[in-house]
Amino acid sequence: MGCCGSAEVSDRPKREWKPLEDRSCTDLPWFLLFTLFLVGMCGICGFTIMTGGAVRLVFGYDSYGNTCGQRNEPIEGVRLSGLDHTDRKFVFFLDPCNIDIIQRKIKSMALCVSQCPTEELATYHDLKRFAMINGSELCSYELPGHKYPQLPERFEKCPKLPVPESKALPVFNRCTPVDISCYAKFAEAVVTFVSDNSMLNRLIAGVAASKEIIVGLCLLALVLSMILMVIIRYISAVLVWILTALVVLGSLGGTSVLWWLYIDYRMTMNETMTKDLRETEEPIDDMKTTKDHAQGLLIYAVSATVFTGILLLLMLFMRKRVALTIALFHVAGKVFIHLPLLALQPFYTFLALSLFWVYWIMVLLFLGTTGNPEKNEDTGLVEFRLTGALQYMTWYHAVGLIWISEFILACQQMTVAGAVVTYYFTRDKTKLPVTPILSSVLRLVRYHLGTVAKGSFIITLVKIPRLILMYIHNQLKGKENACARCMLKTCICCLWCLEKCLNYLNQNAYAATAINSTNFCTSARDAFMILVENALRVATINTVGDFVLFLGKVKWSSMCLFAFLVAHCFLSIFEIVVDVLFLCFAIDTKYNNGTPGREFYMDKLVDFSRGKNSHKAGFLCTLIKLLSTFHIVSQIM
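Since the structure is predicted, the reported quantities are computational estimates derived from the model, not experimental observations.

### Here we look at helix 3 (residues 124–134)
Residues of helix 3 that are buried: Tyr 124, Asp 126, Leu 127, Phe 130 and Ala 131. An end-on view of helix 3 places all buried positions within 155 degrees of arc, on one side of the element. For helix 3, the exposed residues lying more than 90 degrees away from the buried face are His 125 and Ile 133. Where the residues of helix 3 are buried, they touch helix 4 (154–157). Gly 135 sits one or two positions beyond helix 3 and adopts a positive phi of about 70 degrees.

Have a look at this one:
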């Protein structure tokens, strides 16, 4: 795709870091593999359309396998199949609030009718009157409408009374009750993973009642996040040092409080135990409980002391490198001034994801109505199911959801990285391209789609087993023993940590590819070596910088969860910019020394000498990673 006959990276005699030069295609086999995978996804959609699944989804079908609104062929062994429903264009459920979507079983009988009930029908005489006036029979086809009140089969083959007023859904032609209480029950059936259904009802009702406020808060969070990305260059120094001081003081204060509580409890315990020994003869159980409480406080106090000691040690070693984080925040603010369209990247990514998810859900629904008709022996109703090898199409489609979603997110990372690399390695900022972001997109499409496909596939390989384990954990909730539950949570936690590490490495690999046009593995190796050489700086930026951005997200979203998601999307772009800037800075300081012919590309505000205590970096970085992992495990457990 636009290789233009350029040589593969591996064919070059010797590769050097030459930003924005010697551009060529990368990971072409992975691009071809991803293209074939997309062809398979489109093939599934085409199969569902050709076999009638799309038609059955749009027009609907009854419980005897007949598609509404058209003439049907009889199904062997199924009575009342093969009917002419040309005039019956709407699907009507006898009990509309009794549909089990999760198990893909229709608990309610479905019929094709010519008109949905336009008013509530309380008696069987009302059903008869509606059938006589409108010609729309709401009971099973073999029951004559003028005999509804007298037929004994009316209790099983007629709709549940009272029949609510319904309206046809646009496009999908399903008779849907107007009463919203039925929707609440339907939502409970769909989202079975929510344990507290009453809470779900309150949540849905609250969102529906406050949708204008939620939209307003999201827009406010958007505006404030964009303002923060611009002004953070001016307040980063004050903000970082204030937060550092607050963290240190908070740790010292918390440790002091825990020791004070332990000493006070110990003194109170000694007095109480002395008094009890005088008044009673059997205080053994109470004494044991009291000692357990005291021991628990002691453990917390000692742990807090160790944590505070490590934190103070880290602050001591990293105090000079915090200035690098401040400078990178300052330069990142300048990047958004020169490249304001970077702030719109979440819009484009969200639009692409939304379009793909709509397509994916549509095809998934097509798959739900595709396959061979099968008669359910328990209910006598007809269901369409994929059998044999065709049932694996659903799994293929599920993998496509993860891989393509990760691919779209990776394209955003590569686009942002390419634009930031262009900005950083252009000495004269007045000579920047007119549209650096568009140039980055074109480079991505022409040269690096294979690299993005490979990186997103690696994330998919880790995400799929984690999702499977999470599903197993939810299905076995309350049934497994403590050991199995602990093992499942441990595996989920480890896979989550691995996924986060790979995401971070992938992001830096994309930046390395944007700089030097190397394939994914080479870029990942080079980026990893650069990060290892600057481990202490990486630890500083990832702790101080990410904490500052997290507080920014919380500050603008304290009123609404949706506002937090908006703030997270936009400030995550800022986070990507900071990480790419750091990688560019590390490469710049490694291969340039400021002498004529090897001048630095960096902004003067980031002109820091490389640390000489690199042997301490690995130890301190390991401490930070251990503390982070302990925090993650404690949250999940």
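### Some details on the UniProt feature "transmembrane region" (unreviewed entry) in the protein
Here, UniProt's "transmembrane region" (unreviewed entry) annotation points to residues 28–49, 213–232, 238–263, 297–317, 323–343, 350–368, 401–425 and 560–583. Along residues 297–317 the backbone is 100% helical and 0% strand, and the end-to-end C-alpha distance reaches 30 Å. As annotated, residues 350–368 has a helix share of 100% and a strand share of 0%, and its two end C-alpha atoms lie 26 Å apart.

### Observations regarding the nonpolar core
If you look at the biggest cluster of nonpolar residues, it comprises 59 residues, and the most contacted ones within it are Val 335, Leu 342, Val 420, Val 577, Val 580 and Leu 581. Secondary structure elements with two or more residues in this core: helix 1 (28–50), helix 9 (322–338), helix 10 (345–368), helix 11 (392–424), helix 12 (436–475), helix 13 (482–516), helix 14 (520–533) and helix 16 (561–591). A total of 14 residues in this core trace back to one element, the largest contributor, which is helix 11. Residues Tyr 64, Leu 121, Cys 158 and Cys 175 belong to the second largest nonpolar core, which totals 30 residues.

### Details of the side chain of Ser 136
Along the chain, the position of Ser 136 falls in the loop between helix 3 and helix 4. Take Ser 136: its relative accessible area is 1%, and that puts it in the buried class. With near-sequence residues (within four places) excluded, Ser 136 lies in contact with Val 113, Ser 114, Gln 115, Phe 130 and Ala 131.

### Considerations on unusual backbone geometry
A cis amide bond links Leu 161 to the next residue, Pro 162, at an omega of -5 degrees. Along the chain, the position of Pro 162 falls in the loop between helix 4 and strand 3 (166–168). Not every positive phi belongs to a glycine, and Asp 27 is a case in point at roughly 50 degrees. Mapped onto the secondary structure, Asp 27 falls in the segment before helix 1. The exposure class of Asp 27 is buried, given its relative accessible area of 9%. Its identity is not glycine, yet Asn 173 carries a phi of approximately 55 degrees, on the positive side. Residue classification places Asn 173 among the buried positions, given a relative accessible area of 17%.

### Points about the pattern of salt bridges
Enumeration over the complete set of coordinates arrives at nine salt bridges. The residue Glu 499 makes a salt bridge to Lys 463 at a minimum N-O spacing of 2.6 Å. With a gap of 36 residues between them, Glu 499 in helix 13 and Lys 463 in helix 12 connect regions that are remote in the sequence. Judged by relative accessible area, Glu 499 falls into the buried class, the value being 5%. With a shortest N-O distance of 3.6 Å, Asp 526 and Arg 525 are connected by a salt bridge. Under the relative-accessibility criterion, Asp 526 is labelled buried at 10%.

What counts, and where the lines are drawn
- Residues numbered from 1 in each chain as written.
- Predicted model: local features only at pLDDT ≥ 70, side-chain atom pairs only at ≥ 80, totals over all residues.
- Heavy atoms only, no water.
- Buried < 20%, exposed > 50% of the residue type's maximum accessible area, 1.4 Å probe, protein only.
- Helix = DSSP H or I, 4+ residues; strand = E, 2+ residues; numbered from the N terminus.
- Arc of directions from axis to C-beta.
- Contact = heavy atoms within 4.5 Å.
- UniProt positions renumbered as here; feature names shortened; annotations may be inferred.
- Core = buried A, V, L, I, M, F, W, Y, C linked by side-chain atoms within 4.5 Å.
- Salt bridge = Lys/Arg side-chain N within 4 Å of Asp/Glu carboxyl O.

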